[in-house]
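The lines below spell out each chain.
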There are 2 protein chains.
Amino acid sequence: MLKNPVVLLDLVDRLANLMRAEFRRVGSEEGLQPVHIQALLFLAQVNRFSNTPQALAEYLDTTKGTVSQSLLLLDRRGLIERYQDEIDRRVVRLRLSALGEAFLDESNPSGLWQTATREVSANRVRYSVSVLRTILYEMQNQNGGPPFGTCNTCVYCQRKSQRIHHCAWFGERLSGPETRKICREQVPKSGYLTAGE
Amino acid sequence: MLKNPVVLLDLVDRLANLMRAEFRRVGSEEGLQPVHIQALLFLAQVNRFSNTPQALAEYLDTTKGTVSQSLLLLDRRGLIERYQDEIDRRVVRLRLSALGEAFLDESNPSGLWQTATREVSANRVRYSVSVLRTILYEMQNQNGGPPFGTCNTCVYCQRKSQRIHHCAWFGERLSGPETRKICREQVPKSGYLTAGE
DNA sequence: CCGAAATAATAGCGAGTCAAAACTAATTTG
DNA sequence: CAAATTAGTTTTGACTCGCTATTATTTCGG
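Predicted model only: the values in this text are computed from it and were never measured. (Residues numbered from 1 in each chain as written. Chains lettered and ligands numbered in written order. Predicted model: local features only at pLDDT ≥ 70, side-chain atom pairs only at ≥ 80, totals over all residues. Heavy atoms only, no water.)

**Here's the deal with the protein's contact with DNA strand D**
Around DNA strand D sit 23 residues, and of these His36 and Thr62 of chain A together with Gln54, Arg82 and Arg90 of chain B come closest. Within the backbone of isoleucine 87 of chain A, one N or O atom sits 3.4 Å away from a phosphate oxygen of DNA strand D. Residue glutamine 54 of chain B places a main-chain N or O atom 3.0 Å away from a phosphate oxygen belonging to DNA strand D. Counting residues per element, the ones that place at least two in the surface near DNA strand D are α2 (34-45) and α4 (64-76) of chain A together with α3 (53-60) and α4 (64-76) of chain B. Here the residues of the surface near DNA strand D sort into 5 nonpolar, 11 polar and 7 charged. (Near = heavy atom within 4 Å. Polar contact = N/O pair within 3.5 Å; in protein donor to acceptor, adjacent residues only side chain to side chain. Helix = DSSP H or I, 4+ residues; strand = E, 2+ residues; numbered from the N terminus. Nonpolar A, V, L, I, M, F, W, Y, C, P; charged D, E, K, R; others polar.)

Below, the structure is given as C-alpha cells:
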C-alpha cells in the first residue's frame, strides 16, 4: 500500500510543514511570514551571480510578482537592500542588510532543525543529502527550473590554486568561501548525484 | 560556511516548494489549493483511528480553524465525506468519497516525485527514509506533536498470526493492510530510528 | 541605427489561506 | 451536577499568491 518513495515524499512534506510552522513562530515577533524567512535564508546562502528577484522566484517555485511583494516588505523593514546591477540596469541585486543579518543570527530560524539533526551521524546526513539532491535534480530536469547547487560541486568550477577558483560559466574568479555558496546556474559534476560524496 | 545539516534542510525545503507548485498545478483544474491536495493525500494514507480534523491539523502543523475551512471546501466539492463517531459524538470522522479517490487516481499528485525517485535505488530511498524519520521524531519530541508513523513500526502493534495483528493502544484488531497505514498515536520501535530498516 | 521582440522587475486586483479568538456542543472530572 | 476539558465550527482581519497589465532596459533584424 505505502511504497517507500511515497513514504519519503510524506516525510519531506511533513518536515517542510513543521519548518514552515517554526518559521511562522520565529517571524511572528517581527510580523514576518514564513515566506519572508525563506527569502532571508536564501539571501544568506546565495552567491553574487544569483541574488536577484528572478532567482528567488525560481528558488521558491513561485511567480515574480509574488516575490516582488515579499521583497517590498523586507525592504520596508530594513532587512534587505536593493541595488542596481552595473552592467544590465534592468536587474536588481539583493543583499541582507546589517539588520537582516542580525535578525537571522538572533532568531536562528533553523535552530530546531539543527538540534534535531544532531542525533544523526554526519555520514547519514551526507548520504541523505546525496539522495535528495538526485531527486531534486531529476525533478528539475522535467520541470525546466535550475537546480541551485553549490559551486564546489559544479562542472564549471575550476580550481586554479590553493585558494583561487574560477567559474567557467561567468568567467570570473571565485574565492574559497564563495565556492560553498549556492548558484542558480550550477550543473552538478557527475559523481555527485548517483554516488555519495 | 554551509554545513551539511543546513544543506539537507535546504533540500527538504526546496523539494517541498517544488511539490507545492506541482500540487498547485494538479489542483488548479478543480480549483483546489496545494493544502487541499495534501489533505486528500493524508486521508488516503491514514488509518481509522486518525481520520479526524484534529489529526489533520497536527499533521499539517496548522490550526483547527484553518483545517475546518479546508474541509468545508472539500466537502462542498464532494471529494470527502464526514460522519459522526459512534462513541464520542463530538468527533467528526473523515473519509475520501468515491469522487475523491477517483480524483487522486486520475491526477496522481505525486507522479512527478515518483518518476524522479525511479532514478534512486530502493536501498538509498529506504536509508533516507530512516534518516528523515529520525529527524522528524526528534523535532516532534521538542515540539509536542505526534510523529504519525505506520503501525508496522509501532511498539503497540502485536502480530497475532499470519494475517491478524493487534493494536495494544486502541485495543483493536488490525488487518494486514491496515498495519501499513499511518497513525496518530504511533510510537516507533527502537531500531527503526537509529539504524536503517 | 532604428523599430520590434524579449527580458527584469513592479503595480494593481481579486480570490482565498491562515491564525486568533469567540462560540457551540459533548464528554470527563471532582 | 457544576466546572473544566476537548472537538469542532464560525467569524474576522491581515496577508499571500497568481494573474494581468505596465515600465524600463536590452537584444535582435534589417
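**Some words on the sheet that holds strand β6 (residues 172-174) of chain B**
Residues and elements named next belong to chain B. Spatially, the 3 strands line up as an open sheet ordered β4-β5-β6, and their pairing is antiparallel. A strand with exactly one partner marks an edge of an open sheet, and here the two such strands are β4 (157-159) and β6. Strand-to-strand twist in this sheet, taken as the mean axis angle between neighbours without regard to direction, amounts to 35°. (Pairing = 2+ DSSP bridges. Axes fitted to C-alpha atoms, helices over the stretch in contact; angles between N-to-C directions.)

**Notes on the relation of the copies chain A and chain B**
Screw-axis analysis of chain A against chain B gives a translation of 0.0 Å along the axis, an RMSD of 0.0 Å, and a rotation angle of 180°. Such a turn and shift between the copies fits a two-fold axis. Rotation axis and chain A: the residue whose C-alpha lies nearest the axis is serine 128 of chain A, separated from it by 2.6 Å. Same-surface contact between copies: 100% of interface residues of chain A are shared with the interface of chain B. (Least-squares fit on C-alpha atoms with pLDDT ≥ 70 in both. Contact = heavy atoms within 4.5 Å.)

**Re the protein's contact with DNA strand C**
Taken together, 23 residues lie around DNA strand C, and Gln54, Arg82 and Arg90 of chain A together with His36 and Thr62 of chain B are the ones closest in. Side-chain polar atom of arginine 82 of chain A to a phosphate oxygen of DNA strand C: 2.6 Å apart, as the coordinates give it. Elements supplying a minimum of two residues to the surface near DNA strand C: α3 (53-60) and α4 of chain A together with α2 (34-45) and α4 of chain B. Of the residues belonging to the surface near DNA strand C, the class tally is 6 nonpolar, 10 polar and 7 charged.

**Here we look at the sheet that holds strand β6 (residues 172-174) of chain A**
Residue and element names in this part refer to chain A. Strand order in the open sheet formed by 3 strands is β4-β5-β6, with antiparallel pairing between adjacent strands. Two strands in the sheet have a free side with no partner beyond their single neighbour: β4 (157-159) and β6. Sheet twist, expressed as the average angle between the axes of neighbouring strands with direction ignored, equals 35°. Taken together, the 3 bridges between strand β5 (residues 165-167) and β6 define a ladder with antiparallel strand orientation. Bridge pairing in β6 places histidine 165 opposite leucine 174.

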